[in-house]
Amino acid sequence: MPPASLPSTTDILVAGGGPAGATIARLLAGFGFQVVLLEKRRFPRHQIGESLTPQILPILDFLGVRAQVEAAGFLRMIGHTVCWGSAQPRTSYYSPDHKRHGFQVWREDFDSLLLRHARIGGVWVIEDLGAESVTLRDDAVVMHTGHGSCTASFFIDASGHSGILARQGFRQRDATFQTLAVTGYWRDATNPPGIDAANTILETYPHGLVWSVPLHNGLRNVTLLIDWHLGNQIRETGLASFYHSESRQVSYITQFLANARLAQPPRVFDATWYTASTFAGERFLLVGDAGLFVDPLSSEGVHKAMASAITGAIVVNTILQRPLAVATAIQFYEETQRQTYETHYAESGRYYREEQRWPEAPFWEKRTREQFGVRSSEFPIRNPQFLPCGGPQPLRQSTSLRA
Ligand SMILES: Cc1cc2nc3c(=O)[nH]c(=O)nc-3n(C[C@H](O)[C@H](O)[C@H](O)COP(=O)(O)OP(=O)(O)OC[C@H]3O[C@@H](n4cnc5c(N)ncnc54)[C@H](O)[C@@H]3O)c2cc1C
């Protein structure tokens, strides 16, 4: 086991041990670099984002962890059921024979598996230690922690929403879609009749949407996705009573919760979309949610994070090994990340416009506009709807928002 103390120098520093950080660290260690990964928390740690679509499978194959994920016992998700545009549930499957599947993963287990894979692959993983700030110099990068500093040739920000480097001037929040997610885990929920028990269920209502994800440990995640302005109501009524009264406003999902009880108090998350003005430089890269965050509706967050880590590993290897190709590598990474955001933006726009029942409601009014999702030459960086961080600050989980 490597020592838990921070070395004073290394080749590559990675902040964050989620799917993006674990993936890029493992690949770069495989290329022969000394990689030190700092994770602020101790794993297993809770993380939201359990539905993985079948697009995750080639990535798991590429990393060599598919068999382990299959053996972990996660539910196989073969489709989803939506009450969207009408109260009538509609079910779609990933393939006509119902064989194509993704997973409903418990992130404590899934993320631990990936971090263990990184460790086995030679990554020096230090848990319970967060990066506090990063200094980019011409000749090196220095990461500062509460237990000393480490100097490296390259720094990778994989710290998710925290964005330890991204927030040092790169992050741009989408002011139009300021969104909150309120999540509760239920025990003893019943399975919906007539559909596969592992399906994700989505149901819209005037304030936003509710989705429900069954998990192999017997819990069912029921999450509200709502407009930011309802944060005031949460403050006034308290999170638990807000969550209960909002989740009763949908009819399809609520029927499966009739005899269920919350396993723990609900929690609130900032689910506002954001991107970055710059994703890479000669000494740094932003991967996964540190770089960009798309609508959780897509169930593509983990896939997007791991895909950016794979591309990112090749880009970092090129930057460090091929001085003549540095500019091309940086430009390539910038373009792939921008394209990812743009594609998700367009797809979300198309999907949201299918719900036209509450065009005046604040959540839907913004999301069903004709221009939402339509490509523009100004997209997205020079578009005035994108505010640099330092403008409106993200809502932090505060005691006043807790139950
Ligand atoms: C409400 C909601 C629902 C979602 N649902 C889905 C879904 O169904 N399917 C899906 O695929 N995605 C979903 N997502 C998105 C998904 O959770 C993320 O896209 C995914 O976790 C990104 O992985 P990551 O590795 O980039 O970041 P994370 O998983 O956030 O990992 C970042 C890690 O960095 C650590 N860290 C933070 N700060 C520091 C620091 N300073 N130093 C060191 N370490 C640090 C954190 O502890 C964390 O372990 C959802 C997101 C939200 C908000």
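Calculation notes
Residues numbered from 1 in each chain as written. Predicted model: local features only at pLDDT ≥ 70, side-chain atom pairs only at ≥ 80, totals over all residues. Heavy atoms only, no water. Helix = DSSP H or I, 4+ residues; strand = E, 2+ residues; numbered from the N terminus. Buried < 20%, exposed > 50% of the residue type's maximum accessible area, 1.4 Å probe, protein only. Polar contact = N/O pair within 3.5 Å; in protein donor to acceptor, adjacent residues only side chain to side chain. Contact = heavy atoms within 4.5 Å. Pairing = 2+ DSSP bridges. Salt bridge = Lys/Arg side-chain N within 4 Å of Asp/Glu carboxyl O. Axes fitted to C-alpha atoms, helices over the stretch in contact; angles between N-to-C directions. Parallel < 35°, antiparallel > 145°, perpendicular 65-115°, else oblique. Left-handed = near helix turned anticlockwise from the far one by under 90°. Nonpolar A, V, L, I, M, F, W, Y, C, P; charged D, E, K, R; others polar. Near = heavy atom within 4 Å.

J.: Just checking my understanding: could you explain the side chain of Thr 10 for this structure?
T.: By the element assignment, Thr 10 lies in strand 1 (residues 9-15). Given a relative accessible area of 8%, Thr 10 falls into the buried group. There is a polar contact of 3.0 Å between the side chain of Thr 10 and the backbone oxygen of Gln 34. Contact partners of Thr 10, with chain neighbours within four places excluded, come to Gln 34, Val 35, Val 36, Cys 150, Thr 151, Ala 152 and Ser 153.

J.: Teacher, can you tell me more about the sheet that holds strand 3 (residues 51-52) here?
T.: Working definition: the strands of a sheet are paired by backbone hydrogen bonds and lie parallel or antiparallel to each other. If you walk across this open sheet you meet the three strands as 3-7-4, and the pairing is antiparallel. A single partner strand is all that each edge strand has here, and the edge strands are strand 3 and strand 4 (75-77). With three bridges connecting them, strand 4 and strand 7 (residues 102-104) associate as antiparallel partners. The residue bridging Arg 76 from the neighbouring strand is Phe 103, located in strand 7.

J.: What should I look at first to understand the pattern of salt bridges in this one?
T.: Where charged atoms of side chains with opposite charge meet at close range, the side chains can pair. Taken as a whole and judged by the stated rule, the model has 14 salt bridges. The partner of Glu 334 in a salt bridge is Arg 338, with the nearest N and O atoms 2.7 Å apart. You can see Glu 334 and its partner Arg 338 sitting in helix 8 (residues 326-352), four residues apart, about one turn around the helix. Of the charged contacts in the structure, one is a salt bridge between Glu 355 and Arg 357, with a shortest N-O distance of 2.8 Å. For Arg 357, a relative accessible area of 33% gives the class partly exposed. It is possible to trace a salt-bridge network through shared partners that takes in Asp 61, Arg 66, Glu 70 and Arg 76.

J.: In this structure, what is going on with the packing of helix 1 (residues 19-30) against helix 7 (residues 301-321)? I would like to understand it.
T.: Working note: a packed helix pair is described by the angle between its axes plus the distance between those axes. At their nearest, the axes of helix 1 and helix 7 sit 8 Å apart, and the two run at 30 degrees to each other. For the element pair helix 1 / helix 7, the angle class is roughly parallel. Handedness of the crossing formed by helix 1 with helix 7: right-handed. Within the contact between the two elements, helix 1 uses Pro 19, Ala 20, Thr 23, Ile 24, Leu 27 and Leu 28 and helix 7 uses Val 302, Ala 305, Met 306, Ala 309, Ile 310, Gly 312, Ala 313, Val 316 and Asn 317. Tallied by class, residues from the contact of helix 1 with helix 7 come to twelve nonpolar, three polar and no charged.

J.: What's the story with the site of the ligand in this structure? I'm lost.
T.: Around the ligand sit 35 residues, and of these Glu 39, Gln 47, Ser 51, Arg 107 and Asp 289 come closest. Gly 16 places a polar main-chain atom, nitrogen or oxygen, 3.5 Å from a nitrogen atom of the ligand. At a separation of 2.8 Å, an oxygen atom of the ligand approaches a polar backbone atom of Val 302. For the shell around the ligand, the secondary-structure elements that each account for two or more residues are helix 1, strand 2 (35-39), strand 3 and helix 7. Take the shell around the ligand: its biggest share by element is three residues, from helix 7. A class-by-class count of the residues in the shell around the ligand yields 14 nonpolar, 13 polar and eight charged.

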